[in-house]
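Structural features, examined
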Amino acid sequence: MLRSHLPKEESADDVTLSIVLHAPHPVVVPSATEPGKVLLHLEIRNKSLQTWEASTESGPLLEMVLLDSEGHERSRQTRQCRMLAYPTRLEPGRGFNLPLFFTLPGLSSTGEDFRVEIRLVPGREVLTGLLRVEPR
């Protein structure tokens, strides 16, 4: 499980959403040459004591990037989160799980470690961590 972190300049009046990535360790794919789609689950939750209210009419963008061990981008996904569009509100403690799919063009036969970065734009939450992907 990968948790997000906030920059140090967080304001006490700011209501932000927490994001947590739920993924098996390691992630197992059918083959190295054609790994196919990998399914992960992103938990989006209001962990503050105040109600979170949407600020955009189309919802924030969700960006997910996978970087290999050398820092090269191997996969990028950007999608609009319409379920968080205005006038959506999340009461304290409320949230939902969002399925995320990503594809890899190929994989080492012994598996690979990736650095994953996920963020909501607008927003200040950034999730980073390591993800191990291995062929069956």
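In what follows, the accompanying structure is described.

The rules we used
Residues numbered from 1 in each chain as written. Predicted model: local features only at pLDDT ≥ 70, side-chain atom pairs only at ≥ 80, totals over all residues. Heavy atoms only, no water. Salt bridge = Lys/Arg side-chain N within 4 Å of Asp/Glu carboxyl O. Helix = DSSP H or I, 4+ residues; strand = E, 2+ residues; numbered from the N terminus. Buried < 20%, exposed > 50% of the residue type's maximum accessible area, 1.4 Å probe, protein only. Polar contact = N/O pair within 3.5 Å; in protein donor to acceptor, adjacent residues only side chain to side chain. 1 Å grid on protein atoms, 1.4 Å probe; cavity = no way out; pocket = protein on both sides within 12 Å on 5 of 7 lines; lining within 4 Å. Points joined across faces, edges and corners; volume = space filled by probe spheres on them. Nonpolar A, V, L, I, M, F, W, Y, C, P; charged D, E, K, R; others polar.

**A closer look at the pattern of salt bridges**
Counted under the stated rule, the structure contains nine salt bridges. A salt bridge links Arg119 to Glu63, with the nearest nitrogen and oxygen atoms 2.8 Å apart. A residue pair is termed long-range when its members are at least 10 positions apart, and Arg119 in strand β10 (residues 112–121) and Glu63 in strand β6 (residues 61–67) qualify at 56 residues. Relative accessible area serves as the criterion here: at 16%, Glu63 is assigned to the buried category. Sharing partners across several salt bridges, the network here consists of Glu53, Arg89 and Glu91.

**Focus on the environment of Asp113**
Relative to the assigned elements, Asp113 resides in strand β10. Note on Asp113: relative accessible area 41%, which makes it partly exposed. Counting along the chain gives 44 residues from Asp113 to Ser69, while the straight-line C-alpha distance between them is 6.3 Å. One polar contact links Asp113 to Arg132, side chain to side chain, over a distance of 3.4 Å.

**A few points about the layout of surface pockets**
Within this model, the largest pocket holds a volume of roughly 240 Å³. Surrounding the largest pocket, 16 residues form its lining, Val15, Leu17, Trp52, Pro122 and Gly123 being those nearest its centre. Here the lining of the largest pocket is composed, by residue class, of eight nonpolar, four polar and four charged.

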